[in-house]
Amino acid sequence: MREIHVLNLGAGVQSTCLFLLAREPDAKLRFDIAIFADTGEEPAAVYKHLDYLRSLGHPEIWIRSAGKLGDDLIHGVNSTGQRFASIPAFTAEDHLLRPGSCEHRLPPAPKYGMVRRQCTSEYKIRVIEKAIRREIVGLKPRQWMPKDVKVYQYFGITTDEKQRAERAKRRFEKTPWAIPVYPFLEMGWCRQDCEAWLMDRLPHTVPRSACVFCPYRTNKEWLHLKQSDPDGWERAVEIDHALRQNGTVANRRMTQKLYLHRSCVPLDVVDLGHEKTLFRPMTNECQGMCGV
Ligand code: SF4
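Below is a short write-up of the structure. (Residues numbered from 1 in each chain as written. Predicted model: local features only at pLDDT ≥ 70, side-chain atom pairs only at ≥ 80, totals over all residues. Heavy atoms only, no water.)

## A short note on the overall build of the chain
Quick note on the threshold: Per the convention used, a helix needs a DSSP run of H or I reaching at least four residues, while a strand needs a run of E reaching at least two, with both numbered from the N terminus. The contact criterion used is simple: two residues touch if any of their non-hydrogen atoms lie within 4.5 Å.
Each helix and strand counted, the chain has nine helices and seven strands in total. Restricting to contacts in the chain with at least 6 residues of sequence separation, those with at least 24 account for 73%.

## Some details on helix α1 (residues 13–21)
Basically, it comes down to this: Buried means the residue's accessible area, taken with a 1.4 Å probe over protein chains only, is under 20% of the maximum for its type, while exposed means over 50%, and partly exposed covers the values in between.
Counted residue by residue, α1 has nine buried out of nine residues, so it is predominantly covered. The complete set of buried residues in α1 reads V13, Q14, S15, T16, C17, L18, F19, L20 and L21. Elements in contact with the buried residues of α1: β1 (2–8), β2 (33–37), α2 (44–55), β3 (61–64), α6 (183–187) and α7 (191–198).

## Some remarks on the packing of helix α8 (residues 219–228) against helix α9 (residues 230–242)
Selection rule: Each axis is a line fitted through C-alpha atoms, and for a helix only the stretch in contact is used; angles between axes span 0 to 180 degrees, taken between their N-to-C directions. Oblique is the label for every angle not falling under 35 degrees (roughly parallel), over 145 degrees (roughly antiparallel), or within 65 to 115 degrees (roughly perpendicular). Polar here means any residue outside two lists: the nonpolar Ala, Val, Leu, Ile, Met, Phe, Trp, Tyr, Cys and Pro, and the charged Asp, Glu, Lys and Arg; Gly therefore counts as polar.
Where α8 contacts α9, the two axes come as close as 5 Å, and the packing angle between them is 120°. Put simply, α8 runs oblique to α9. Where α8 abuts α9, its residues W222, L225, K226 and S228 lie against P230, G232, W233 and A236. Of the residues belonging to the contact of α8 with α9, the class tally is five nonpolar, two polar and one charged.

## Some thoughts on the pattern of salt bridges
Here is the rule we go by: Salt-bridge detection follows one rule: a side-chain nitrogen of Lys or Arg within 4 Å of a carboxyl oxygen of Asp or Glu.
Per the counting criterion, the structure on display carries 13 salt bridges. When the shortest N-O distance is used, the salt bridge between E161 and R164 registers 2.6 Å. Residue E161 shares its accessibility class with R164, and that shared class is buried. One salt bridge connects E221 with R208, and the closest N-O pair in it is separated by 3.4 Å. A residue pair is termed long-range when its members are at least 10 positions apart, and E221 in helix α8 and R208 in the loop between α7 and α8 qualify at 13 residues. Using a relative accessible area of 22% as the deciding quantity, one classes R208 as partly exposed. Several salt bridges share partner residues, and in doing so they unite E41, K68, D71, R235 and E238 into one network.

## A few points about the sheet that holds β3
Just so we agree on the cut-off: Here, any two strands with at least 2 DSSP bridges between them count as paired.
The strand order β3-β2-β1-β6-β7 describes an open sheet built from five strands, whose pairing is parallel. The open sheet is flanked by β3 and β7 (178–181), the only strands paired with a single partner. The average angle at which neighbouring strand axes cross in this sheet is 30°, direction not considered. As judged from the three bridges shared by β1 and β2, these two strands associate in the parallel manner. Its bridge partner being in β2, V6 is matched across the sheet by I33.

## A few points about unusual backbone geometry
For the peptide bond that leads from H58 to P59, omega is -10°, which places it in the cis range. Summarising the element assignment, P59 is placed in the loop between α2 and β3. A positive phi angle is found at C264, which is not glycine, with a value near 60°. Assignment of secondary structure puts C264 in the segment after α9. Given the relative accessible area of 12%, C264 is considered buried.

## Observations concerning the nonpolar core
Our working rule: For the purposes of this section, nonpolar cores are sets of buried Ala, Val, Leu, Ile, Met, Phe, Trp, Tyr and Cys residues that join through side-chain atoms within 4.5 Å.
Of all hydrophobic cores here, the largest spans 54 residues; its most connected members are I35, I132 and F213. In terms of residue count, helix α4 (residues 119–137) provides more of this core than any other element does, eight residues in total. Excluding residues within four positions of it along the chain, I35 makes contact with V6, L7, N8, L9, W62, R64, I128, A131, I132 and I136. L7, L9, V13 and L29 belong to the second-largest nonpolar core, a separate cluster that totals 28 residues.

## So, the pairing of β2
Two faces make up the sheet, and in a regular strand the side chains alternate between them. Our working definition: The handedness of a crossover follows from its direction of travel: if, with the strands pointing away from the viewer, the path from the first strand over the helix to the second runs clockwise, the crossover is right-handed.
Judged by how many residues are buried, β2 sits mostly within the fold: five of five residues are covered. Burial along β2 is two-sided: I33, I35 and A37 and A34 and F36, pointing in opposite directions, are all buried. Both β2 and β3 contribute to a ladder of four bridges, which runs parallel. Opposite A34, over in β3, you have I61 as the bridge partner. Chirality of the crossover, the property in question, places the unit of β2, α2 and β3 among those that are right-handed.

Shown next, in the form of structure tokens:
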């Protein structure tokens, strides 16, 4: 039986912690490879952090991509030449909301919700699966995974995010050759434990990993992006505008208006001064999965 151990590296706090734990002299964790699925739209600090991790030498980090997500949103063509993958933009129009959207129930803006998210699957999950199947195992497109190959995929999901692990487990039911592993759930570590462990081990703070225009953001996080990464902020404003250009692919060829900010106000004019709702962003990082 061939066993392959792959870290889904989101480059945020938890997966960085897993990456560094595997480098400890008495490490129980071992990764053959760490894969970062790059949407091409991360904040500058995330790419800098990745450069630092790569400079450590091992485990080896692969950066793989299905294309630049924002460009595909604007121009409507993705890496496979098919229709674009939508991001979880906000709308105030009820008929576009995801069924059961929790945003739909949050006070005091019960009308607002998110449209369906496809970007995680296309720009994260499939990118990592493709790298494993084609580059690590050497399969051709649509070739079956040999029965004697088992791939262990490691995720930096902590005890404060058990629901994410449950959702991921359900997804893995469709890929019996891959086994999800959650070391922090076994270790009983929460995000704060990771932060504490990382404290003296890095020369910088681990940045939050997510596309600069990802709508899963609190006002505080939007403000931080605006102040710390002007190019990233400008890109987010560009994508926000593109979402509302009538007839463009980015707004799903709908006449309805989509927004990056949950208040359904254009990003460049919205008041980011204080939080007005109980909105919970995707708290941590993509880890090859975004919030799933
Ligand atoms: S970070 Fe947000 S926008 Fe980017 S792929 Fe993940 S869910 Fe989509």
